[in-house]
Amino acid sequence: MPLKTLLLLSYLAALPARAAVIRLEAYGPDGRLLDQAGLRSLLDPAQSSPGSGLRLAAPAGAPLEGRPWWVEGSTTPAWSFEGGSRAVASLPWPVPDDGYSTVRLEADGTGYEDGRVILVNEEAARWAYSSMQESLKERTGAWKPAYKPSLKAKGLVGAAKDAVAAATAAAERRERARLFDRALGAVSVAWQQVLVEHGRQTAADADAKGRLRWGLTLDETAAARPLDAPRLAKAVDEAGANWVRLVFGIPEDDPGFAKEASFTPYDELVKALAARKISVMGSLLDSLLWPAGASSELCAARATALAARYKDRVRSWEVASEPNGTWLGGAGKTDDEAVLECARRAATAVKAADIALETTATLHWWDGTAPDGRHGLRDWLAWAKGRGFGDGIDAVGL
């Protein structure tokens, strides 16, 4: 029996009796069979996540026990988990000539059982191809406007199908992995073409123009030159945007907007945008501006002052900006309970100004790449909803 197999079996024997184990086979871009250290380095070159970007969950979505899930000390890559009979995985994975993307390994949604051995290169490409096909079916059917693929898009989708078929026919494992990597690259190119084309078709559709929000963000520096407000609003209009997310900064010595002078720069910008019939979503406290030790009293004060001032022209307010981030108030200093309370009080203050005002929250997209088990999107959302997050909030986005 090979030495690597003996080492893996010895580590598996030391695991709790109820822990399930999935063994992995993965080849790097250079065709090298990866050991566990090599695979984790490929997934997370900067070592920014304790789990190397991995998240294991039950097929229904709930996280499985055993984080960070890697079998400690094993040379052969393996994951162990408890609390369920099957697991699906999400993780960062390199796409040939296109950086990294989050992929799901899920065995067509059923998950992997104890003792399963999977070829990661293959499972990543199969999931991507299947997801693209599902997306195409929806876009050409139920979506409005329905997608009409060009000859180029059809050719690229066909090339992706052929690449998956060629990889499936390969028997030798290293070659099979190489061909599935190539197939993943082909899927990526095809899917991007589909998204670009359908985006352009939607933007040109008269009904969609009035139905959808085409927006961009103006950060706190946009109000620095009030005299430039008309020029800036004109540029936004010419870009085709009908919405703007306007970030309200933190005026020096007046973070709660208690002074009349604090509003002046924003008065001109809001006025110029309104003149162009551009709708505004006001960001009450952007995550990158979150001051150390920010209190719920400050959030409520800002919401009260800003909503009262602009409620006739700003009908949507972002009461939480990336509340599942770890940088609010400074790296490592985020007080999660305080962030939730700030969102709750800000939403209450906005609705007090006018119950018809829209309140929104924008979450940060990450899962296994989060630095801990709290702040990944799905884990944080489950935790926050149990503490009332969402009450008083009309829309949540990413």
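Structure first, text after, so check above.
Only a predicted model underlies this, so the values are computations on that prediction, with no experimental measurement involved. (Residues numbered from 1 in each chain as written. Predicted model: local features only at pLDDT ≥ 70, side-chain atom pairs only at ≥ 80, totals over all residues. Heavy atoms only, no water.)

As for empty space enclosed by the protein
All chains considered together, the criterion is met by 2 cavities of 30 Å³ or more. Volume-wise, the largest cavity comes out at about 60 Å³. Lining the largest cavity, in full, are Leu284, Leu285, Trp290, Cys299, Arg302, Ala303, Glu318, Val319, Ala320, Ser321, Cys342 and Ala346. Elements with a contribution of two residues or more to the lining of the largest cavity: helix H9 (296-310), strand S11 (316-321) and helix H10 (336-353). Ranked by residue count, the leading element in the lining of the largest cavity is S11, at 4 residues. The class makeup of the residues in the lining of the largest cavity is 9 nonpolar, 1 polar and 2 charged. As for the second largest cavity, its lining consists of Trp290, Val319, Ala320, Ser321, Pro323, Leu328, Val339 and Ala343. When contributions to the lining of the second largest cavity are tallied by element, the ones reaching two or more residues are S11 and H10. If one sorts the elements of the lining of the second largest cavity by residue count, S11 sits on top with 3 residues. Class assignment of the residues belonging to the lining of the second largest cavity gives a composition of 7 nonpolar, 1 polar and no charged. (1 Å grid on protein atoms, 1.4 Å probe; cavity = no way out; pocket = protein on both sides within 12 Å on 5 of 7 lines; lining within 4 Å. Points joined across faces, edges and corners; volume = space filled by probe spheres on them. Helix = DSSP H or I, 4+ residues; strand = E, 2+ residues; numbered from the N terminus. Nonpolar A, V, L, I, M, F, W, Y, C, P; charged D, E, K, R; others polar.)

So, the sheet that holds strand S9 (residues 243-247)
Strand order in the open sheet formed by 6 strands is S8-S9-S10-S11-S12-S13, with parallel pairing between adjacent strands. In this open sheet, the two strands that pair with only one neighbour each are strand S8 (215-218) and strand S13 (395-397). Averaged over all neighbouring strand pairs, the angle between strand axes comes to 25 degrees, with direction disregarded. Pairing of S11 with strand S12 (residues 358-362), which is carried by 5 bridges, proceeds in the parallel orientation. Bridging across to S12, tryptophan 317 finds its partner in threonine 359. Those strands touched by H10 are S11 and S12, and its axis lies near 170 degrees from that of S11. (Pairing = 2+ DSSP bridges. Axes fitted to C-alpha atoms, helices over the stretch in contact; angles between N-to-C directions. Contact = heavy atoms within 4.5 Å.)

Some remarks on the nonpolar core
When a protein is soluble and globular, its nonpolar side chains tend to lie buried together. Core analysis: the biggest nonpolar cluster contains 48 residues, and Trp79, Trp93 and Leu105 have the highest contact counts within it. Take this core: its biggest share by element is 8 residues, from helix H5 (residues 173-204). For leucine 105, the contacting residues outside a window of four places in its chain are Trp79, Val88, Ala89, Leu91, Tyr112, Ile118, Val120, Glu123 and Ala124. If you look at the next biggest cluster of nonpolar residues, it comprises 45 residues, including Ala233, Leu269, Val280 and Ala349. (Core = buried A, V, L, I, M, F, W, Y, C linked by side-chain atoms within 4.5 Å. Buried < 20%, exposed > 50% of the residue type's maximum accessible area, 1.4 Å probe, protein only.)

Details of helix H7 (residues 229-238)
Three- or four-residue spacings in an α-helix give side chains the same orientation, since the helix completes a turn every 3.6 residues. Buried within H7 are the following residues: Ala229, Leu232, Ala233 and Val236. Taken end-on, H7 shows its buried residues confined to a sector of 100 degrees, consistent with a single buried face. Within H7, the exposed residues directed more than 90 degrees away from the buried face are Pro230, Arg231 and Glu238. Looking at the buried residues of H7, the elements they touch are S8, S9 and helix H8 (264-275). Phi turns positive, to about 95 degrees, at glycine 240, one or two residues after H7. (Arc of directions from axis to C-beta.)

Details of H5
Its 32 residues give H5 an end-to-end C-alpha distance of 46 Å, which sits within 8% of 46 Å, the value for a rise of 1.5 Å per residue. For H5, the N-terminal capping position is held by glutamate 172, with its side-chain oxygen 3.2 Å away from the main-chain nitrogen of arginine 174. (Expected span 1.5 Å × (residues − 1). Polar contact = N/O pair within 3.5 Å; in protein donor to acceptor, adjacent residues only side chain to side chain.)

As for the packing of helix H3 (residues 120-140) against H5
Direction vectors running N to C along H3 and H5 enclose 25 degrees, while the axes themselves pass 8 Å from each other. In terms of orientation, H3 and H5 fall into the roughly parallel class. In this structure, H3 crosses over H5, and the sense of that crossing is left-handed. From H3, Asn121, Glu122, Ala124, Ala125, Arg126, Ala128, Tyr129, Ser131, Met132, Ser135, Leu136 and Arg139 reach across to H5, where they touch Arg176, Ala177, Phe180, Asp181, Leu184, Val187, Ala190, Trp191, Val194, Leu195 and His198. (Parallel < 35°, antiparallel > 145°, perpendicular 65-115°, else oblique. Left-handed = near helix turned anticlockwise from the far one by under 90°.)

Description of the packing of H3 against helix H4 (residues 151-169)
Each pair of packed helices gets described by two things: the angle between the helix axes and the distance between those axes. Two elements in contact, H3 and H4, have axes separated by 11 Å at closest approach and are oriented at 150 degrees. Crossing handedness for the pair H3 and H4: left-handed. Two secondary-structure elements touch here, H3 through Arg126, Tyr129, Met132, Gln133 and Leu136 and H4 through Val157, Ala160, Lys161, Val164 and Thr168. Class assignment of the residues belonging to the contact of H3 with H4 gives a composition of 6 nonpolar, 2 polar and 2 charged.

Without other data, these values stay purely geometric and don't point to any function.
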